[in-house]
Amino acid sequence: MASCLRRLLPSPSVRLSRVLLASLRNNRGCVRAVHTHLLKGQVVRIGCASGFWGDTSVAAPQLIYGAKVDYIVFDYLSEITMSLLTAAKRKNPELGYAPDFISVSMAPFIKDIKNKGIKIISNAGGVNPSSCARALQAVCQQAGVQLNIAVVSGDDLMPQVGELKTQGITDMSSGDMFPDSVHSMNAYLGAGPIVRALDLGADVVITGRCVDSALVLGPLIHQFGWTMNQHDLLAAGSLAGHLVECGAQATGGIFTDWHLVKDWDNMGFPVVQCGADGQFVLTKPPNTGGLVSKATVSEQLLYEIGNPALYFLPDVVCDFTNVGVEELSQDAVFVTGARGNPPSGEYKVSATHLSGYRSTAVATVGGPRASEKAEKTAKAILKRCRRIFHQLNLEDFTDCKIELLGTENMYGPRGKRQDTRELMMWLAVTHNQKKALEFFAREIAPAGTGMAPGLCGVIGGRPKVSPVLKLFSFLYPKNNVEVKIEMNNEFVETYKAASVPTAEYLTQAYPPTNGRDQETEQTLPTGHFSYRLEDLAYTRSGDKGNTANIGVVARHPAYLPYLRQALTADAVETYFAHLFQSTQGVNVERFDVPGVDGMNFLLHNALGGGGIASLRSDPQGKALGQVLLDFEITGVPDLLTLAKS
C-alpha cells in the first residue's frame, strides 16, 4: 500500500491532477489509501446522520458501526421547525428541542459512541439547548457513561424583541416592516462557538440555531487549527458542510436519475474525509445503498443557494462558482476549488410571526369528469362557507387555493392531462379568525353526500385548523449578540469571537440587481434536433422563504453552451409564469456555475408565501426542478453525438 501511495502522490503539497485522478480510477486498490491520507497528513472524517427533524433512524447506527468517523453531525432545524419547537416550549418549559436526538439517535448507542471516541455536533437544541443537554446527561448517567456535553446559546433574540421593534427594521427580501406579533426570532450563529466548545474539551456540542454547514466547519477548524481569516479554508469547510447537511441528498437521494440509485431501504449517509488544505473526499459507508457521483454531488452543491459567487455565511462569504467535483471511484468524489471572502459584520436573523390561520382539505374524487366535479365541489364548499360567514358577521377568507392533483397542476397551462378519472382535490384556505375555519373544516365531509358523486375519501378526516407563521428575515450586528457556552450544566464563558476584518456587501437585499447581467449571447451552430432538458441536464430545486432555486447541471460540458442559450432567465420566467405573484420587476435570476458545468436560477416570490404560509401542495418548490425537466430545447445539432466525439 505504501508503494501504491508513493506512485500516486508525488508530494504532499501537490493537488490531485487529472492525471492522478485517471490513475486513481485505474488503481482501485489505492483509492481507500488516498481517502485516508489525501494530500496533507491528518484526515478528519465527519458523517451526517440527519438532514432534518424526522430523518430516518437507521442513519446513526450506520455511521457508528459502518464507517470509521471522528465526528457525527445531526442537523434538525428549519425556520418552521423553530416555530414548532417554540410552541412546544410554551406548553412545557422543558421542551423546545428535537427529542428524536435523545431517544432515537443517542440513547441506544451512547456506550459505543463513548467507546469509539466519536464526537457529536448537533443543532438539536432548537430553542432550548440547555434542556436538551440535561436530557442527554440523564441518558449518560443511566448508562454509566461520562461525556462532556457543551451547550452553545445566545441565538434566541426574543428577549430583545421590544427593542428591535423600535429600530425601523425591515424584511431583507420584501421590505415589509417589523411585525407586531413575533412568535420566534433566532440569529444564525457560525462555527466559532462550536470550535471554542471543542477546544474546552467537549465530547458533544449542542447548539440552538446556527447555519447548518457550521456543524461540519467547527470540527475542521478545531482539528486543523485554521484561523478565522483563512477564508479559502473556511469556504472549503463550509462547502463540506453544505454538501452533507441534508443527509442522503448527497448520496443519491432525490437524484434526477433516481432509477439508477439502488437499495433505497439501506440508503447510505454521507461521510466527508477532509484534509488540512481544505480538499476533501465525499463518500458513504461500504455496503450501503445510494450513489455518490459527480452528478449527485453537483446537484447538492446547488441546492438552496442563491448567488453561488456570494453564498453568505456568518464566518465567510463563499464563492462556489469554480468548485471541481471529480469521481475517484465508485461512490467517492474529490471536491476542491471553494474560495472565500471576508464575512459581513452581521448575522442573518429569521423571525416568525402569526398571520391568521389555515386549513387544508384533501379528498379523493373518482369517475368520469373527475376534474370538473372536483373543481365545482371545491367552489361550492367555499360559497357555502361564505354564506355562513355572512350570517355570523365574519369576514371573508384571506386566501383560497384549489389544486386538482392528477391534472398536472404543477405545470400550469403546460399541463397535458387536464382531465382524468381519478384525482385528489386540494382545497386550502386562510382566515384571520380560527372560528371561521372551524366552520370550513365541518363543511368538507357533507360534500360526499350533497354534491358531486365520486368524492370517496377525505384524507386524514376532518381538516385541522393551524396558525399561519410567516417568515421575517433581517440582518443584525454580530456585536449585539451575546453567545454563551455551558459545559455539563454549568456556565463556562461568554464567547468572544476572534477579531477579523469584515466587508460590506450590497447584493444581499432584494430586488436583485446582478442575475441578468450574465445573460451573454453566443452564436452556436443550429440544427434540426430537439431535446427535453432531462436529456441534457440534471436538476434540483429547493426554497429560501418565498424564493425557489433550481440548479441545472449539464450532463456533458458540450451541452452547457446550448443550455445557456435556451435557458435564459426570461425563458424560465415564462415557463413558470403561473407561479409568480407579480409580473413587475425581476422575477428570475440566473447565475453561472462553470466549475460543475451548471447554472442556478432564483425564482423570486414564486412559492405563494413559502413554507407554512403557502397554500400550495408544493410550498417549498421541491418539484420545480422536476417540472423543468420537460423544458424543450429545439433547433440544435445532434448534441448526443457531439458529446461522444
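Above this text sits the structure in question.
Caption draft 1: Molecular detail of the nonpolar core. Phe-101, Leu-136 and Met-185 are the most contacted members of the largest nonpolar core, which totals 123 residues. Considering every element that reaches this core, the biggest residue donor is helix H12 (residues 231-244), with 8 residues. Core analysis: the second largest hydrophobic core is formed by 35 residues, Leu-533, Tyr-575, Phe-580 and Leu-603 among them.

Caption draft 2: Examining helix H13 (residues 294-301) more closely. Counting buried positions along H13 yields 7 of 8 residues, so the element is predominantly enclosed. For H13, the secondary structure elements touched by its buried residues are H12, strand S8 (280-283), strand S11 (324-329), strand S12 (332-336), strand S22 (537-544) and strand S23 (547-554).

Caption draft 3: Spotlight on the packing of helix H14 (residues 370-391) against helix H15 (residues 434-442). Running from amino to carboxyl end, H14 crosses H15 at an angle of 135 degrees, the nearest separation of the two axes being 10 Å. Between H14 and H15, the angle falls in the class oblique. In this structure, the crossing between H14 and H15 has a hand that is right-handed. Seen from H14, the contacting residues are Ile-381, Leu-382, Cys-385, Ile-388 and Phe-389; seen from H15, they are Ala-436, Phe-439 and Phe-440.

Caption draft 4: Region of interest: the environment of Ile-402. Inspection of the secondary structure assignment puts Ile-402 in strand S15 (residues 399-405). Taking the relative accessible area as the measure of exposure, Ile-402 reaches 26% and is therefore partly exposed. Along the primary structure Ile-402 and Ala-295 are separated by 107 residues, whereas in three dimensions their C-alpha atoms are 36 Å apart.

Caption draft 5: Region of interest: the packing of aromatic side chains. Counted by the stated rule, this structure contains 17 aromatic pairs. Each ring, one from Phe-74 and one from Tyr-76, has its centre 6.3 Å from the other, and the planes form 5 degrees; the classification is stacked. Exposure remark for Phe-74: the relative accessible area of 1% places this residue in the buried category. For the ring pair Phe-474 and Tyr-476, a centre distance of 6.4 Å and an interplane angle of 80 degrees mean the geometry is edge-to-face. A relative accessible area of 1% places Phe-474 in the buried class. Among the aromatic residues, those joined into a ring-pair cluster are Phe-178, Phe-472, Phe-474 and Tyr-476. One residue, Lys-348, lies across the ring of Tyr-188, its end atom 5.5 Å from the ring centre. Between Arg-442 and the ring centre of Phe-439, over which it is positioned, the NZ or CZ distance is 4.8 Å.

Caption draft 6: Spotlight on the environment of Leu-524. Secondary-structure assignment places Leu-524 in the loop between strand S20 (490-494) and strand S21 (529-532). C-alpha separation for the pair Leu-524 and Leu-354, spaced 170 residues apart in sequence, amounts to 52 Å. Filtering out sequence-adjacent residues up to four positions away, Leu-524 remains in contact with Pro-561, Tyr-562 and Gln-565.

Caption draft 7: Inspection of helix H8 (residues 129-143) at higher detail. Taking 1.5 Å of rise per residue, 15 residues should cover 21 Å, and H8 covers 21 Å from first to last C-alpha, within 8% of that figure. Among all positions in H8, only Pro-129, Ser-130, Ser-131, Cys-132, Ala-133, Ala-135, Leu-136, Gln-137, Val-139 and Cys-140 are buried. If you follow the buried residues of H8, they end up packed against helix H6 (99-106), helix H7 (110-116), strand S4 (149-153), strand S6 (204-207) and strand S19 (484-487).

Caption draft 8: Just unusual backbone geometry, in detail. At Asp-331, a residue that is not glycine, the phi angle is positive and equals roughly 65 degrees. Within the element layout of this structure, Asp-331 appears in the loop between S11 and S12. According to the relative accessible area criterion, Asp-331 is buried, its value standing at 14%. Even without glycine at this site, Asp-597 takes up a positive phi of about 55 degrees.

What counts as what
- Residues numbered from 1 in each chain as written.
- Predicted model: local features only at pLDDT ≥ 70, side-chain atom pairs only at ≥ 80, totals over all residues.
- Heavy atoms only, no water.
- Core = buried A, V, L, I, M, F, W, Y, C linked by side-chain atoms within 4.5 Å.
- Buried < 20%, exposed > 50% of the residue type's maximum accessible area, 1.4 Å probe, protein only.
- Helix = DSSP H or I, 4+ residues; strand = E, 2+ residues; numbered from the N terminus.
- Contact = heavy atoms within 4.5 Å.
- Axes fitted to C-alpha atoms, helices over the stretch in contact; angles between N-to-C directions.
- Parallel < 35°, antiparallel > 145°, perpendicular 65-115°, else oblique.
- Left-handed = near helix turned anticlockwise from the far one by under 90°.
- Phe/Tyr/Trp six-rings, centres within 6.5 Å; stacked < 30°, edge-to-face > 60°.
- Lys NZ or Arg CZ within 6 Å of the ring centre and 35° of its normal.
- Expected span 1.5 Å × (residues − 1).

Nothing here speaks to function; it is geometry throughout.
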